[in-house]
Amino acid sequence: MSKKVMIIDDDENTVKFLSVVLNENGYESVSACDGREGMEKLKEDRVDLIILDVMMPKKTGFVLFKQLKKSEQLRDIPVLMLTGVAASLADMDSESDDTMARPYDSLRESLRKAIQDMRESGDIKPEMFVDKPIDPDSFIEKIRQLIGE
Amino acid sequence: MQIRNRLAWKLSAVVLVIAFVVILGTVLLSSLLSRQYALEAARGIMQFNSASIRSGIDELMMGRHDAGMLEFIEEMSRWSTTYQDISLVSHPSGTIAVSRLLDSGTKLELNQKSCKGCHINGDSQTDMLETQDALVTGPNGSRALQVITPIINKPSCRTADCHIHFESGQVLGILQTEYSLARFDDLMNGLSLQQALAAVLAILLATGALLFMFQRLLAKPLRRLVTGIDTLASGDFGFRFSAQRDDEIGLVEDSFNDLADQILAHQRELKRAVEYMEGIVENTADIVITVNNNGFIQTFNQGAEKALGYGRHEVVGQRIEMLFADPKEREAAIAKLQEQENVTNWETRFKAKDDQIRHVLLTLSRLRNRSGEIIGTLGISKDITTEKDLQMELIRSEKEAAIGRAVTHIQHSIKNMLNTLRGGLYVARVGMKKNRQEQIVEGCEMIEEGLSRISGLSLNMLKYAREWTVEAEPTDLSDLIEKIVVATSQTASERGVSIRTEVDGSLPNVPCDPQLIHMCLMDIVSNALDACELKDYDEGEDPEIVIRVYCASDGKRAVLEAQDNAIGMAQEVIDNVFTPFFSTKKKWGTGLGLALTSRIIGLHDGKIVVESEEGEGTVFRITLPFES
């Protein structure tokens, strides 16, 4: 029986794309367009992996992630986070000229702090971030590392 | 000062002249009087002598002793060297009978000086039968006293043994004696010389005494006063006279002391005032320079030294142009000063000693003296080089930040678009491989969407960068917001957002470009609709947008307002809401909408402000001016 992956993202195109990628590689996929729908579907359906977009309306990926970790049934399901900023953050950190990123200072700081918090609590590992645009091969590689074939 | 005519000398000279005149007069008068007195005494004696001689002659004649008479006269002549001559003259014939100097028998003329004693008018007749005397000049040139004693026919003469003179009262002869006054005059002259010498000595002594007294009483205290005044004039205001004198000089010294006290007090006050003023000018951090009418630097304060690196000794007396990076900038400032009394905050550049350019704000004023004449120019400059550098730095960094934002944003947008394109391509390829028509279409749709996003971004960027011109026309703003409501109604109803309007009917038409204002308001309302989407509304609360139009309280501006009850914004977002390429929208925000809106409102001389509270909602308020 193939493993089931839940994709929670408000961008239809991303959902569609990731579903095809997953299906092509022998995984079954379900999707939700926001956190609320995702939580409801997770209650009905048991999945092996959750792919969570960080930036979503209504509930951000981090808020949903924390809820997942609080839930007894869902706590152990691995989570892979999609972000448009993970690579950007690394880029920014390496920038010597701070003025480049000034307008995003507080946003960047809050993101970094959130990521830092998760790392320190031991709930989350660095390899669980996937940056957009998503390369299908490395994406599948990461999923295989997490949950196997 | 060299005193050429000392006061004591002058006074002494005056006294000397007066004393000389008085003493000389006294000496002359006393000499004259004593001479007169001595002469009178001599005359008395001489007359007595003459009378004695005549008595002797009488006796000898009565005794008919003619030879004895001659002997007697010669004896008398020998007896005293005083007698110059003793002669007996027969009268009226005038023939000399006996004489020491003249020969007997010589006839005397009536015009002889001795004759004139009795014959006053040269007449032969005279009543004068008394002894006469006269001063004559003797044969050796010296003065002589001549005494003439008449020998009168007395009653005894008619009874004499020798011969009888019948007529009585007749003058029978004349006894003429002459006494030399040479010794007398010598004596008198000697006496006068002694008196004169004594007088001169007295005058000299008196003058010396006066000189000494003047020197002591007047000149010395006066010189002390002069020394005091000189000391005062030389700037030593501590000098005082010890007030010991009780005369007029003492009064002057007291007055001097008072004056010195006052000058000292005034001087101290003045010094304090000057030091205070100098302190202000000197210690201000600003550059304070004064220049005379010919453009030469007069003063240069500490602030100037510090800012420009010159010591004041290097620039005072030099031309002011040396401090200007471009002397023409000074010319321009001075030209402006000709038009008005002051030039304030004139931005110009000084050149420091190390050739560094200092940016300054220069304030120029005319320097006038008490009578209002212009005596130069006062320049106070504030060194704004640091501020200027910071400003340039800020502009540069803001430019860089804006470029950074733009690049980051565009990169981010492109990433999302690439994700869509790549996703679409992948889906289409899988569809082709598996021969699933449906999947091919899906993939192509994704590619189309990605492409349309790219062209949308590029269009938006063009739109933002474009030169907008306002074609203003009187516009009914209530009409305009109705159009907005119509345009957004479908999206709003799809998302469950209600849009309502509040219109102030009294508002006149407002001059603006209706298409541009429509675009702006559309952008704001679209943002509000997006924001509503992001909020997790509580039960009983529904997403709502209210669009208002009304007249501002000053009656001169129209206000367009869009209020929502959506997620609101954090302070950081509020601060950057009009910044180009700043966007909080997840995937497709260009960050250009509100930046463009703000620009367009600015082109209308209007204003756009935002009020927002996180979780509560946001109000965008546009004010547009109109002529009431």
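Values in this document were obtained by computation on a predicted structure and should not be read as measured data. As a convention, each chain's residues are numbered from 1 in the sequence order in which they are written. Lettering for chains starts from A, numbering for ligands starts from 1, and both go in the order in which the items are written. In view of the model being predicted, local features appear only for residues whose pLDDT reaches at least 70, and side-chain atom pairs are presented and counted only at 80 or more, with totals across whole chains, interfaces and linings using the full set of residues. With hydrogens and water excluded, all non-hydrogen atoms of the structure serve as input to the side-chain values.

A. Broad picture of the overall build of chain A. Secondary structure summary: chain A contains six helices and five strands in total. Along chain A, helices and strands appear, N-terminal first, in the series β-α-β-α-β-α-β-α-α-β-α. Each residue is assigned to one of three classes by its accessible area relative to the maximum for its type, calculated with a 1.4 Å probe on protein chains only: buried under 20%, partly exposed between the two thresholds, exposed over 50%. The buried share of chain A, taken over its 149 residues, is 48%. For chain A, the share of sequence-separated contacts (at least 6 apart) that also reach a separation of at least 24 residues comes to 72%. Within the structure as shown, chain A displays about 7,400 Å² of accessible surface, and the carbon and sulfur contribution to it stands at 48%. Runs of E in the DSSP output that reach at least two residues are strands. Runs of H or I that reach at least four are helices, and both are numbered from the N terminus. The contact criterion used throughout is that any non-hydrogen atoms of two residues lie within 4.5 Å. Residue exposure ignores everything except the shown protein chains as possible cover, and the areas themselves are Shrake-Rupley values with a 1.4 Å probe.

B. Spotlight on the overall build of chain B. A count of helical and extended segments in chain B gives 14 helices and 17 strands. Every one of the 628 residues in chain B was classed for burial, and the buried ones make up 37%. Accessible surface, chain B: about 37,000 Å² in total, of which carbon and sulfur atoms supply 56%.

C. Region of interest: the environment of Ala402 of chain B. Residues and elements named next belong to chain B. Looking at where Ala402 falls in the secondary structure, it is placed in helix H9 (residues 385-433). For Ala402, a relative accessible area of 30% puts it in the partly exposed group. Taking the C-alpha atoms as reference points, Ala402 and Pro580, separated by 178 residues in sequence, lie 7.4 Å from one another.

D. Examining the sheet that holds strand S16 (residues 607-613) of chain B more closely. All names here are of chain B. Should DSSP find at least two bridges between two strands, the strands are regarded as paired. Taken in spatial order, the five strands line up as S12-S14-S15-S17-S16 in an open sheet, and their pairing is mixed. The sheet terminates laterally at strand S12 (498-503) and S16, the two strands that pair on one side only. Across this sheet, the average inter-strand angle for adjacent strands is 15 degrees, counted without regard to direction. Across eight bridges, the pairing between strand S15 (residues 557-564) and strand S17 (residues 617-625) is antiparallel. The residue bridging Asp564 from the neighbouring strand is Thr618, located in S17. Across the face of the sheet, helix H11 (residues 477-495) comes into contact with S12, strand S14 (544-551) and S15 while running at roughly 175 degrees to S12. Running over the sheet, helix H14 (residues 593-603) touches S16 and S17 and is turned about 140 degrees from S16. To obtain each axis, a line is fitted to C-alpha atoms, and for helices this fit is confined to the stretch in contact; angles are then taken between N-to-C directions over 0 to 180 degrees.

E. Molecular detail of the sheet that holds strand S9 (residues 357-368) of chain B. All names here are of chain B. Taken together, five strands build an open sheet; the order of strands is S7-S6-S10-S9-S8 and the sheet is antiparallel. Two strands lie at the open edges of the sheet, namely strand S7 (297-300) and strand S8 (342-351), each paired on one side alone. Looking at each pair of strands side by side, their axes are set apart by 30 degrees on average, direction ignored. As defined by bridge partners, strand S6 (residues 287-292) adjoins S7 across three bridges and the pair is classed as antiparallel. Paired with Ile289 across the strands is Phe300, a residue of S7. In the packing of helix H8 (residues 327-339) onto the sheet, the strands contacted are S6, S8, S9 and strand S10 (374-383), and the crossing angle to S8 comes to about 170 degrees.

F. Structural view of unusual backbone geometry. Residues and elements named next belong to chain B. Of note, Asp355 is a non-glycine position whose phi angle comes to about 70 degrees, a positive value. Relative to the assigned elements, Asp355 resides in the loop between S8 and S9. With phi around 60 degrees, Asn435 is a residue other than glycine that occupies positive phi space. Within the secondary structure, Asn435 is located in the loop between H9 and helix H10 (437-465).

G. Summary view of the confidence of the model for chain B. Confidence along chain B averages 84 in pLDDT terms, with 91% of residues attaining 70 or more. For this predicted complex, the interface score ipTM comes out at 0.78, while the overall pTM is 0.46. pLDDT measures the predictor's confidence residue by residue and takes values from 0 up to 100.

H. Just the pattern of salt bridges, in detail. Definition used for salt bridges: Asp or Glu carboxyl oxygen within 4 Å of a side-chain nitrogen of Lys or Arg. Inspection of the entire model under this criterion finds 30 salt bridges over all chains. Three or more residues joined by partner-sharing salt bridges are found here, namely Arg500, Glu502, Glu544, Arg548, Glu561, Glu611 and Arg621 of chain B.

I. Spotlight on the pairing of S10 of chain B. Residues and elements named next belong to chain B. In this sheet, S10 lies alongside S6 in antiparallel orientation, the contact comprising six bridges. The residue of S10 that forms the bridge with Asn292 is Gly376. Here S9 runs beside S10; their pairing, made up of nine bridges, is antiparallel. Bridge pairing links Leu367 to Gly376 in S10. Following S9, the chain reverses through five residues before pairing antiparallel with S10; Gly372 in that reversal takes a positive phi of roughly 90 degrees.

J. H10 of chain B, seen in detail. By definition here, a helix of n residues has an expected span of 1.5 Å times n minus one. Between its terminal C-alpha atoms H10 of chain B stretches 42 Å, which fits the 42 Å expected from 29 residues at 1.5 Å a residue. Those residues of H10 of chain B not exposed but buried are Gln439, Ile440, Gly443, Met446, Gly450, Leu457 and Tyr464 of chain B. Structurally, H10 of chain B contributes buried residues whose contacts are with helix H1 (12-24) of chain A together with H9 and H14 of chain B.

K. Focus on the environment of Val47 of chain A. All names here are of chain A. Note on placement: Val47 falls in the loop between helix H2 (35-44) and strand S3 (49-53). The buried category is assigned to Val47, whose relative accessible area is 1%. With 18 residues separating them along the chain, Val47 and Ser29 place their C-alpha atoms 8.8 Å apart. What Val47 contacts, discounting residues up to four positions off in sequence, is Lys4, Met6, Val30, Leu42 and Ile77.

L. Spatial organisation of the nonpolar core. We call a set of buried Ala, Val, Leu, Ile, Met, Phe, Trp, Tyr and Cys residues a nonpolar core when their side-chain atoms join them within 4.5 Å. Ranked by internal contacts, the top residues of the largest apolar core, which has 50 residues, are Leu477, Ile545, Ile547, Leu560 and Phe620 of chain B. Among the elements that line this core, the one with the most residues is helix H12 (residues 514-534) of chain B, at ten residues. Contacts of Phe620 of chain B, omitting those with residues within four sequence positions, involve Ile524, Leu560, Glu561, Ala562, Met569, Val577, Phe578, Leu594, Ile608, Val609 and Val610 of chain B. Val5, Val21 and Ile134 of chain A together with Tyr426 of chain B belong to the second largest nonpolar core, which has 23 residues in total.

M. Fine view of the state of the cysteines. Residue and element names in this part refer to chain B. A pair of cysteine sulfur atoms is labelled a disulfide when the two atoms are within 2.5 Å. Using the criterion set out here, one finds zero disulfides over all chains in the structure. For the unlinked cysteine Cys512, the closest cysteine sulfur is that of Cys520, found at 9.7 Å. The exposure class assigned to Cys512 is buried, which follows from its relative accessible area of 0%.

N. Quick look at the packing of aromatic side chains. Residues and elements named next belong to chain B. Pairing of aromatic rings covers Phe, Tyr and the six-membered ring of Trp, with a centre-to-centre limit of 6.5 Å; geometry is then stacked below 30 degrees between planes, edge-to-face above 60, and tilted otherwise. Counted under the stated rule, the structure contains six aromatic pairs over all chains. Where Phe239 meets Phe241, the ring centres are 5.2 Å apart and the plane angle is 80 degrees; that geometry is what we call edge-to-face. Take Phe239: its relative accessible area is 25%, and that puts it in the partly exposed class. Joined through ring pairs, the aromatic side chains of Phe239, Phe241 and Phe256 make up one cluster. Consider the ring centre and the ring normal. A charge sits over the ring if Lys NZ or Arg CZ is within 6 Å of that centre and within 35 degrees of that normal. For Arg466, the ring lying beneath its charged end belongs to Trp468, and the centroid distance is 3.9 Å. Note that Arg599 overlies the ring of Tyr464, its terminal NZ or CZ placed 5.5 Å from the centroid.

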